[in-house]
Amino acid sequence: MSNNVRVRFAPSPTGGLHIGGVRTALFGYLFAKQNKGSFILRVEDTDQTRFVEGAEEYIVETLNWCGIIPDESPQNGGEYGPYRQSERKADYRKYAEQLVESGNAYYAFDTPEELTAMREKYKTKENPSPQYDKNTRTKMKNSLTLSEAEVKDLLDQNTPHVIRIKVPANEQIQFTDIIRGDIENDSNLLDDKVLLKGDGMPTYHLAVVVDDYLMKVSHVFRGEEWLPSAPIHVLLWKYLGWEKDAPDWAHLPLILKPDGNGKLSKRDGARLGFPVFSLQWEDNKGFKELGFLPDAFINLLAVLGWNDGTEEEIFSMEDLLEKFDVKRINKAGAKFSYEKAVWYNAEWVKRASVDSLLPAIKKELAAAGIVADNKKIKIVLAMVQERISLLPEAVKEMDYFFRKPVQVDTETINKKWSEQHTAFYNELKTIWADTEWTKENLETSFKELISKHEMKMGAVMLPFRIMLVGGKFGPGVFDIASFLGKEEVLERVLVNS
Ligand code: GLU
């Protein structure tokens, strides 16, 4: 491994990028940046059947929104391009053929029907779906069983074929994972994976190894679901003669469903009613559309499977760049909790400056038909900021500052109403008509009047709040009143409610 740290994030453009994928990108990015290395986006689009239009753009937008900016990518280029595997096609056949020549791979000419027949023929109770491996390969139509002349003939006639790796028998395939330590795999359990497909495209296994080599990748961060593929990759690095350049692998723990039962899948969002995508994908709203801030999203991803060893839960990207430590990534899966995710967002909304929140909040308000100038929005936002968990909640929290509440909880007011209240509010309106409109003046005069009428604070304060706001919520009632202004407050205080 060279000491130049190069971490690649290699998603396949097969759909929306699930939060697990974004976390992989984040951890790789943090590691690269901590080591003054490069973070590379490589789009693995060799599987034409799974290619989804727009998925690459979506990945790029997601990374942008999160502030995970690749140093090299299809969009920004770099010294080791192209950064889309479909554009690197020329390289792969050469390496697959090199493997055939060195005896570590072979041509296989079996038709789909022959493969099905093989599975039928050799299936037993213990082995219900036999693989193409050291036991079956000797009975199939490949360059290990056919003569050299037959193989040449078939190739000359352009007979459809694939190239398969020849997995050795009885070997322990060993590598050291950054998170899991030493890992050994029994080669007898592996099948002869296809490396080059009938259409001349590489499979994931070949492409990933060739590209990691050619792009001088030093570290691979990927999900735990790729762990079973790792021994095949280890063999390929060895067979291609690149063993000493092999990257270090870090297989990240799974993100689990909230109940801990299995991996959180793309489908779980719709089923369980929370987002699993960063940005909207098809009909599924993403964290962004539901009103999450990128800072909060990064924070909640970072702590899915990692902590800094203290009780601290809030981490900005800057904090993470300083404190993130691959050695503290857990091996066990991390349960996703949407409630906790919302909590993180509330924390970040609280911490955000009103200026940074302004554009998004303005959009939410405008969508609800509330248009106001920036200065006013900022004053109100500062008052209600800590009451907002998700940005769309700003509408409910801010609406009554800009227009009369549509619904007023008169039931609560009426329940406690007495003649004393009528007298109190009548006098209050008279006094306030002549009061200089400052929060302090309002508060003082209000309290003096309560004493004069010998009433209880709560008995007068609550109806007052409901008249201004519509319900039992909101920040300090005199803050609200001073913002609304004299005319508006006197209009909202209805003595005969
Ligand atoms: N293209 C694979 C994916 O979609 C990448 C796996 C890897 O990082 O090796 O996740």
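The structure reproduced in this document is the subject of the present report. Please read these numbers as outputs of a predicted model, since none were measured by experiment.

## Remarks on the packing of aromatic side chains
Aromatic ring pairs are reported here in terms of the distance separating the ring centres and the angle at which the planes meet. One pass over the structure, following the stated rule, counts 35 aromatic pairs. Between F446 and F478, the ring centres sit 5.3 Å apart and the planes meet at 75°, which makes this aromatic pair edge-to-face. Of this pair, F446 sits in helix 17 (residues 439-453) while F478 sits in helix 19 (residues 477-484); the two residues are 32 residues apart in sequence, bridging distant segments of the chain. Each member of the pair, F446 as well as F478, is classed as buried. Three or more aromatic residues link up through ring pairs in this structure, and these residues are W417, F424, Y425, W432, W437, F446, F464 and F478.

## Considering the layout of surface pockets
Roughly 1,100 Å³ of internal volume is contained in the largest pocket. Along its surface, the largest pocket is lined by 43 residues, and P11, S12, T14, E225 and W226 are the ones closest to its centre. Looking at the lining of the largest pocket, the elements with two or more residues in it are strand 1 (6-9), helix 1 (19-34), helix 6 (204-214) and strand 8 (219-223). Examining the composition of the lining of the largest pocket, we find that four residues originate from one element, helix 1, more than from any other. Of the residues assigned to the lining of the largest pocket, the class counts are 17 nonpolar, 13 polar and 13 charged.

## A short note on the environment of T138
Checked against the element boundaries, T138 lands in the loop between helix 4 (112-122) and helix 5 (148-156). You can call T138 exposed: its relative accessible area is 54%. Separated by 3.2 Å, the side chain of T138 and the backbone oxygen of N135 make a polar contact.

## Re unusual backbone geometry
For the bond from G81 to P82, the omega torsion is -5°, close enough to zero to count as cis. Note that P82 resides in the loop between helix 2 (55-66) and helix 3 (89-101). Of note in the backbone geometry, E454 takes a positive phi value of approximately 50° without being a glycine. For E454, the position within the fold is in the loop between helix 17 and helix 18 (457-469). Look at E454 and you get exposed, because its relative accessible area is 71%.

## As for the site of the ligand
Near the ligand, the surroundings consist of R8, A10, S12, E44, Y204, V208, R222 and W226. A10 is positioned with one of its backbone polar atoms (N or O) 2.8 Å from a nitrogen atom of the ligand. Side-chain polar atom of Y204 to an oxygen atom of the ligand: 2.6 Å apart, as the coordinates give it. Judged by its atoms lying within 2 Å of the grid points, the ligand is housed in the largest pocket. Class assignment for the residues of the shell around the ligand results in four nonpolar, one polar and three charged.

## Let's talk about the environment of V60
Within the secondary structure, V60 is located in helix 2. As for V60 and I370, which are separated by 310 residues in sequence, their C-alpha atoms are 33 Å apart. Those residues in contact with V60, other than ones at most four positions away along the chain, are L41 and Q75.

## Considerations on the pairing of strand 6 (residues 181-186)
Two elements, strand 5 (residues 172-177) and strand 6, share six bridges in a ladder whose sense is antiparallel. Opposite Q172, over in strand 6, you have D186 as the bridge partner. Counted between consecutive antiparallel strands, the loop separating strand 5 from strand 6 contains three residues.

## Remarks on the nonpolar core
Ranked by internal contacts, the top residues of the largest apolar core, which has 111 residues, are I68, F287, F336, Y425, F446 and F464. Those residues within four positions of F464 in sequence are excluded, and the remaining contacts are Y425, W432, F446, V477, F478, A481, V489 and V493. Counting residues in each nonpolar core, the second largest holds 42 residues, with Y95, L146, I165 and L235 among its members.

## Section: empty space enclosed by the protein
Under the defined criterion, the tally for this structure stands at one cavity of 30 Å³ or more. Approximately 30 Å³ is the volume attributed to the largest cavity. In terms of residue class, the lining of the largest cavity is built from three nonpolar, two polar and four charged.

## Examining helix 14 (residues 393-402)
Buried residues dominate helix 14, accounting for seven of its ten residues. Among the residues of helix 14, those classed as buried are A394, V395, E397, M398, D399, Y400 and F401. Considering only its buried residues, helix 14 is in contact with helix 12 (354-367), helix 13 (374-384), helix 18, helix 19 and helix 20 (486-492).

Rules used throughout
- Residues numbered from 1 in each chain as written.
- Predicted model: local features only at pLDDT ≥ 70, side-chain atom pairs only at ≥ 80, totals over all residues.
- Heavy atoms only, no water.
- Phe/Tyr/Trp six-rings, centres within 6.5 Å; stacked < 30°, edge-to-face > 60°.
- Helix = DSSP H or I, 4+ residues; strand = E, 2+ residues; numbered from the N terminus.
- Buried < 20%, exposed > 50% of the residue type's maximum accessible area, 1.4 Å probe, protein only.
- 1 Å grid on protein atoms, 1.4 Å probe; cavity = no way out; pocket = protein on both sides within 12 Å on 5 of 7 lines; lining within 4 Å.
- Points joined across faces, edges and corners; volume = space filled by probe spheres on them.
- Nonpolar A, V, L, I, M, F, W, Y, C, P; charged D, E, K, R; others polar.
- Polar contact = N/O pair within 3.5 Å; in protein donor to acceptor, adjacent residues only side chain to side chain.
- Near = heavy atom within 4 Å.
- Sits in = over half its atoms within 2 Å of the grid points.
- Contact = heavy atoms within 4.5 Å.
- Pairing = 2+ DSSP bridges.
- Core = buried A, V, L, I, M, F, W, Y, C linked by side-chain atoms within 4.5 Å.

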